[in-house]
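Each chain, written out:
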Amino acid sequence: MRALISVYDKTGLQEFARGLAELGWELVASGGTADYLERAIGLDVDRVEELTGVAEMLGGRVKTLHPRIHAAILARRDHIEDVATLEQQEIEPFDLVCVNLYPFSEVAGRYGVREEEAVEMIDVGGPSMLRGAAKNFAHCAPVSRPDQYGRVLADLRERGALTLATRRALAAEAFATTAAYETAIARWFGDVEAFPETLVLAFTKAADLRYGENPHQRGAYYAEQGARVHLLSRVEQLHGKELSLINLLDLSAARMILREFTLPACVIVKHANPCGVAVAGTIEGAYERALVSDPVSAFGMVCAVNRPVSAGLGEALAERFIDVLLAPGYDDAALDALRGKQAIRILHDRERRGFPRGERDVKRVLGGLLVQDRDWDVDDREGMEVACGFPSEETWGDLVFAWRVCKHVGSNAIVIAKDLATIGLGGGQTSRVDAVKLALDKAREHGHDVPGAVLASDAFFPFPDGPQAALEAGITAIIQPGGSRRDAEVTEAVRSAGGTMVLTGRRHFRH
């Protein structure tokens, strides 16, 4: 039996190559791989240039692109003509091809990388060999990742050969590997165009999930190939059960809201919508105020904070039923208190980082995708228009806070806030006035003092009825995009009631 090995990543190669040699396999390797197997491990290998009769050239760009290599990979042992050709050309076939590719995504994704550096990480020979072996999987097994080494060796030791089913599965993984690789390269070249004619995306499975949104649905989490940041990158789970699909949806929503604020902030999410958000002078204060926003909905919450969890905060959190907690650090005493709750999933976000502004928002629809720019911008008061009233600095603070939170509530979205904390949220309604009534009802239900609060709406008010309901309840200032044919009528209703209206000129639908 004969194996061709040409790998960039040497992880696990020592055990794999030695295992093949112990089973009596002849090893052929290229360039640096041959050096590693000979010098670091002490194995006898044949070099690719000895088979081809041609030394590596063009600085290593050409090593394995040769008929004697690809014929050995592609020859069909059950075709008389193929076998005769090998014999005539004195070519020995390969039974296994082990290749992993240059790390294009890792290099191209680095900040400040030069174009020529990224281009040199485009592998040509590696994908060709993998595709050839995958095409000829009936006779040649493609091994494309280090995590396959163990099961390949186990099968060879147990049976003496790989089953057809195993080789077919390896072929599927090899084609997926090369497809994802080419996709990352195409994405890099096409990054100059926001919406190219052909959109190619590739994702790698980061985690299997117990099930999907419901137990009868299967589920998994995939991270996008080439993305500098994804939901779970640099996130370490310190305690608790495995994450579920719903946990990840809520966690994503929480992290997106949290990035709106630099002050100590706490975000509490249920069903991908915030039910409590607050900023304060301390993270303990932010948590307390976010929790009282809607303590009933917070049962079984996903909670995210942007400061380390102190001992006191840890003890307070341990008193609640929490599904997921995310923080950039934990006091030892806080961890001790939290670990007393078996079910809570404790996540440590080890790197506070910026989000990739070029990332697109993709939504799956029947038979296709809807693709748009992400609604990334963190809005401030610059460029907003005061349509009526005279907002104080304190009112401005609440208006901008409510406006930032409103962007993350399902449309139609209404957020009522006071003293930099939410006190009532209404989202997902088919009528904007119903969303206002829901937010007011939530605020009253939990004993919040509505008079003096502000209200944000993610889109314009088509009629004065929504603002009138808010003003009658004691709301003193409203922030909304404007743009309705009845803007003048709506503004006059607010002015007549002695309220303040701020128009942002930008809406934030989230369907």
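Here the structure is a predicted model, which means the values were calculated and not measured.

Some remarks on the overall build of the protein
Okay, so step 1: Of regular secondary structure, the protein possesses 18 helices and 21 strands.
Okay, so step 2: Taking 511 residues into account, the globule formula puts the C-alpha radius of gyration at 24 Å, and the protein, at 30 Å, lies well above it.
Okay, so step 3: Dimensions along the principal axes, computed over C-alpha positions, put the protein at roughly 95 × 50 × 40 Å.
Okay, so step 4: Once local pairs closer than 6 in sequence are excluded, the contacts in the protein between residues at least 24 apart make up 55%.
Okay, so step 5: Element-wise, carbon and sulfur atoms account for 50% of the exposed surface of the protein, whose accessible area totals about 24700 Å².

A closer look at empty space enclosed by the protein
Okay, so step 1: Enumeration over the complete set of coordinates arrives at 1 cavity of 30 Å³ or more.
Okay, so step 2: Reported here for the largest cavity is a volume of approximately 40 Å³.
Okay, so step 3: Every residue lining the largest cavity is listed: Ser30, Gly31, Val48, Glu49, Val54, Ala55, Glu56, Val62 and Lys63.

Topic: the sheet that holds strand 19 (residues 454-457)
Okay, so step 1: Strand order in the open sheet made by the 6 strands is 16-21-20-19-17-18, with mixed pairing throughout. The open sheet has two free edges, formed respectively by strand 16 (385-388) and strand 18 (422-426), since each of these has just one partner strand. The average undirected angle you get between the axes of adjacent strands in this sheet is 20 degrees.
Okay, so step 2: Where strand 17 (residues 414-417) meets strand 19, 4 bridges bridge the pair, whose relative direction is antiparallel. Residue pairing in the sheet places Val415 in a bridge with Ala456 of strand 19.

Observations regarding the side chain of Asn412
Okay, so step 1: Topologically, Asn412 is positioned in the loop between helix 15 (393-406) and strand 17.
Okay, so step 2: Excluding residues within four positions of it along the chain, Asn412 makes contact with Gly426, Gly427, Gly428, Gln429, Thr430, Ser431, Arg432, Ala435, Asp458 and Phe509.

Overview of the pairing of strand 17
Okay, so step 1: What you see with strand 17 is no split at all: Ile414 and Ile416 on one side and Val415 and Ala417 on the other are buried throughout.
Okay, so step 2: Counted along the chain from strand 17 to the antiparallel partner strand 18, the turn is 4 residues long, and its residue Asp419 has a positive phi close to 55 degrees.

Some details on the packing of aromatic side chains
For any pair of aromatic rings, geometry is given as the distance between the ring centres together with the angle between the planes.
Okay, so step 1: In the structure shown here, the tally under the stated rule is 4 aromatic pairs.
Okay, so step 2: On the numbers, 5.8 Å between centres and 65 degrees between planes, the contact of Tyr8 with Tyr102 is edge-to-face. Residue Tyr8 is found in the loop between strand 1 (2-7) and helix 1 (13-22), and its partner Tyr102 is found in the loop between strand 4 (96-100) and helix 6 (104-108); the two are separated by 94 residues along the sequence.
Okay, so step 3: Among the residues examined, Tyr102 registers a relative accessible area of 23% and is labelled partly exposed.
Okay, so step 4: Residue placement shows Arg360 over the ring face of Phe195; its charged tip is 5.4 Å from the ring centre.

Here we look at the pattern of salt bridges
Okay, so step 1: Under the criterion given, the structure shown has 30 salt bridges.
Okay, so step 2: Measuring nitrogen to oxygen at the nearest pair gives 3.0 Å for the salt bridge that ties Lys205 to Asp208.
Okay, so step 3: Judged by its relative accessible area of 42%, Lys205 is partly exposed.
Okay, so step 4: Taking the shortest distance from any N to any O, the salt bridge between Arg444 and Asp441 comes out at 3.5 Å. Placement of both Arg444 and Asp441 in helix 16 (residues 432-445) is noted, with a separation of 3 residues, approximately one turn of the helix.

A short note on the layout of surface pockets
Okay, so step 1: One number sums up the size of the second largest pocket: a volume of about 1100 Å³.
Okay, so step 2: Lining of the second largest pocket is provided by 36 residues; of these, Arg145, Thr177, Ala180, Thr204 and Gln225 occupy positions nearest its centre.
Okay, so step 3: Secondary-structure elements contributing two or more residues to the lining of the second largest pocket are helix 6, helix 10 (164-189), strand 6 (203-209) and strand 7 (219-224).
Okay, so step 4: If you tally residues by element for the lining of the second largest pocket, the top one is helix 10, at 7 residues.
Okay, so step 5: Here the lining of the second largest pocket is built from residues that sort into 17 nonpolar, 10 polar and 9 charged.

Details of helix 8 (residues 125-135)
Counting along an α-helix, one turn takes 3.6 residues, and residues three or four places apart therefore face a common direction.
Okay, so step 1: Among the 11 residues in helix 8, 8 count as buried, and that is most of the element.
Okay, so step 2: Looking at helix 8, one finds that the buried residues are Gly125, Gly126, Pro127, Met129, Leu130, Gly132, Ala133 and Ala134.

Thoughts on the packing of helix 16 against helix 17 (residues 465-472)
Okay, so step 1: Relative orientation of the contacting elements helix 16 and helix 17 amounts to 15 degrees, with a least axis distance of 8 Å. It follows that helix 16 is roughly parallel to helix 17 by the angle criterion. Where helix 16 crosses over helix 17, the two elements pack in a sense that is right-handed. Side by side, helix 16 and helix 17 meet where Val433, Val436 and Leu440 of the first sit next to Asp465, Gly466, Ala469 and Ala470 of the second.
Okay, so step 2: Taken together, the residues of the contact of helix 16 with helix 17 break down into 5 nonpolar, 1 polar and 1 charged.

Analysis parameters
Residues numbered from 1 in each chain as written. Predicted model: local features only at pLDDT ≥ 70, side-chain atom pairs only at ≥ 80, totals over all residues. Heavy atoms only, no water. Helix = DSSP H or I, 4+ residues; strand = E, 2+ residues; numbered from the N terminus. Rg over C-alpha atoms; globule rule 2.2 N^0.38 Å. Contact = heavy atoms within 4.5 Å. Areas by Shrake-Rupley, 256 points an atom, 1.4 Å probe, with all protein chains shown as cover. 1 Å grid on protein atoms, 1.4 Å probe; cavity = no way out; pocket = protein on both sides within 12 Å on 5 of 7 lines; lining within 4 Å. Points joined across faces, edges and corners; volume = space filled by probe spheres on them. Pairing = 2+ DSSP bridges. Axes fitted to C-alpha atoms, helices over the stretch in contact; angles between N-to-C directions. Buried < 20%, exposed > 50% of the residue type's maximum accessible area, 1.4 Å probe, protein only. Phe/Tyr/Trp six-rings, centres within 6.5 Å; stacked < 30°, edge-to-face > 60°. Lys NZ or Arg CZ within 6 Å of the ring centre and 35° of its normal. Salt bridge = Lys/Arg side-chain N within 4 Å of Asp/Glu carboxyl O. Nonpolar A, V, L, I, M, F, W, Y, C, P; charged D, E, K, R; others polar. Parallel < 35°, antiparallel > 145°, perpendicular 65-115°, else oblique. Left-handed = near helix turned anticlockwise from the far one by under 90°.

Remember, this is a structural readout, not a statement about activity or role.
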